[in-house]
Amino acid sequence: MEFIEISAKNVDDAITQATVQLGITSDQLEYEVLDKGSTGFLGIGSKNAVIKARKKFSIDENVVEFLSSIFDAMKMEVEILVAVNEEEHIIEVELKGDDMGILIGKRGQTLDSLQYLTNLAINKHSDEYYKVKIDTEDYRKRRKETLENLAKNIAYKVKRTKRPVSLEPMNPFERRIIHSALQNDRYVTTHSEGDEPYRHVVVTLKK
């Protein structure tokens, strides 16, 4: 939210006017005194106090505002549900609406891009780093289950053929799912090869 400038008889009155104009309480107000003003001599030559004020930064509202601007540009009606975990500094965002497949994109690439951009936008204004996680229609959960099944099938193939298998390029989150799914396998091991965005997991027999 942009700052507004308020002029009043004194700073206290300016603060009161700002809260009324913004429709908030004083503890929600962020302000800076531009001019303390002066009473003059016997009221002659008095000068108003001037402050600039805005509603304090609210991280969940900022998330909604940022994503709303994107969806408005896309001409999409999307319900944005935000849950903030202050202890772990995690912001979980759930998107609801029609045509959510558009926001998911191929292998979740659009959803990942939205998540990346939101992380950048939110942490630009925050004193502490928050990790933003965006999901819709349980895509992350479904993708995790798909990748875990893929990992098991690939492991079986490697054991049967005794040859390494390279998977398709994946983002770091998806590669971690593959590594985690096979970390306790007695016969195969995993490692990543290549550079982003073509970095991929290779499954091989243990020596």
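Residues numbered from 1 in each chain as written. Predicted model: local features only at pLDDT ≥ 70, side-chain atom pairs only at ≥ 80, totals over all residues. Heavy atoms only, no water.

K.L.:
What should I look at first to understand a negative patch on the surface in this one?
P.N.:
On the surface, Glu79, Glu94, Glu137, Asp138 and Glu145 cluster together to form a negatively charged patch. Residue placement: aspartate 138 occurs in the loop between strand E6 (131-136) and helix H5 (139-161). (Patch = residues over 30% accessible without salt bridge, like charges linked within 9 Å, V, L, I, M, F, W, Y side chains within 5 Å. Areas by Shrake-Rupley, 256 points an atom, 1.4 Å probe, with all protein chains shown as cover. Salt bridge = Lys/Arg side-chain N within 4 Å of Asp/Glu carboxyl O. Lys, Arg positive; Asp, Glu negative; His and termini not counted. Charge placed at Lys NZ, Arg CZ, Asp CG, Glu CD. Helix = DSSP H or I, 4+ residues; strand = E, 2+ residues; numbered from the N terminus.)

K.L.:
Honestly, a nonpolar patch on the surface in this entry has me stumped. Any pointers?
P.N.:
A contiguous nonpolar patch, built from Tyr116, Leu117 and Leu120 and spanning about 320 Å² of accessible area, is present on the exposed surface. Of the residues examined, tyrosine 116 reaches a relative accessible area of 53% and is grouped as exposed. (Buried < 20%, exposed > 50% of the residue type's maximum accessible area, 1.4 Å probe, protein only.)

K.L.:
Honestly, the sheet that holds strand E1 (residues 4-8) in this entry has me stumped. Any pointers?
P.N.:
Two pairing modes exist for strands in a sheet, parallel and antiparallel, and in both the strands are linked by backbone hydrogen bonds. Pairing is antiparallel across the open sheet formed by three strands, whose spatial order is E1-E3-E2. Looking at the sheet topology across the chains shown, the edges are occupied by E1 and strand E2 (29-35). Direction aside, the axes of adjacent strands within the sheet are offset by 30° on average. In this sheet, strand E3 (residues 49-55) lies alongside E1 in antiparallel orientation, the contact comprising five bridges. In the sheet register, isoleucine 6 faces E3, and the bridge partner there is isoleucine 51. (Pairing = 2+ DSSP bridges. Axes fitted to C-alpha atoms, helices over the stretch in contact; angles between N-to-C directions.)

K.L.:
Would you take a moment to explain the pairing of E3 for this structure?
P.N.:
A regular strand places its side chains so that they alternate between the two faces of the sheet. Pairing analysis gives six bridges linking E2 to E3, with the strands arranged antiparallel. Its bridge partner lying in E3, glutamate 32 is registered against lysine 52.

K.L.:
Can you walk me through the domain arrangement of the chain in this structure?
P.N.:
Often, the extent of an interface is quoted as the loss of accessible area upon association of its parts. Here the chain is described as being made up of domain 1 (2-53), domain 2 (57-136) and domain 3 (139-203). Here the C-alpha centre of domain 3 lies 60 Å away from the C-alpha centre of domain 1. (Domains from an automatic or database assignment.)

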